[in-house]
Amino acid sequence: MSHKAVHYVTKSASAAAGSIGTAAAAAASAVAAVTVAASIVLSPVPDAAARMDGVHADLLRAVELNQITAEQAEKFEAKLAGRILGEA
């Protein structure tokens, strides 16, 4: 086999191995994404009171960071309470 032929075969084998490695990494990423999605879907839904506690804490944090005013937080929390507690 000539030097050029050996070089081509070696280069082709390296490229194929790289493609297989890339495909394996993509497959592993897909499996990880499916696992995370399944854990979210299958996790228990928090009760309405726990959800409202989370909303309240998030809104307090937003007020502390001056992202919204206290009045805006109160109005938004009241609106969400109607929706969340109405579902329960």
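I will try to describe carefully the structure that is included in this document. (Residues numbered from 1 in each chain as written. Predicted model: local features only at pLDDT ≥ 70, side-chain atom pairs only at ≥ 80, totals over all residues. Heavy atoms only, no water.)

Note that Leu80 resides in helix H3 (residues 70-87). Judged by relative accessible area, Leu80 falls into the buried class, the value being 18%. Ignoring sequence-local partners within four residues, the contact set of Leu80 consists of Met52, Val55 and Leu85. (Helix = DSSP H or I, 4+ residues; strand = E, 2+ residues; numbered from the N terminus. Buried < 20%, exposed > 50% of the residue type's maximum accessible area, 1.4 Å probe, protein only. Contact = heavy atoms within 4.5 Å.)

Attention now moves to unusual backbone geometry. Although it is not a glycine, Asn66 adopts a positive phi angle of roughly 60 degrees. The topology assignment puts Asn66 in the loop between helix H2 (48-64) and H3.

A separate point is H2. Think of an α-helix as 3.6 residues a turn; residues three or four steps apart then line up on the same face. Its 17 residues place the ends of H2 24 Å apart at the C-alpha level, agreeing with the 24 Å of an ideal helix rising 1.5 Å per residue. For H2, the complete set of buried residues consists of Ala48, Met52, Val55, Leu59 and Ala62. Looking straight down H2, one finds its buried side chains confined to an arc of 85 degrees; they lie on one side. Facing away from the buried side of H2 by over 90 degrees, the exposed positions are Asp53 and Glu64. Positive backbone phi, at 60 degrees, marks Asn66, one or two positions downstream of H2. (Expected span 1.5 Å × (residues − 1). Arc of directions from axis to C-beta.)

In short, the description is geometric, and any link to function would need to be established separately.
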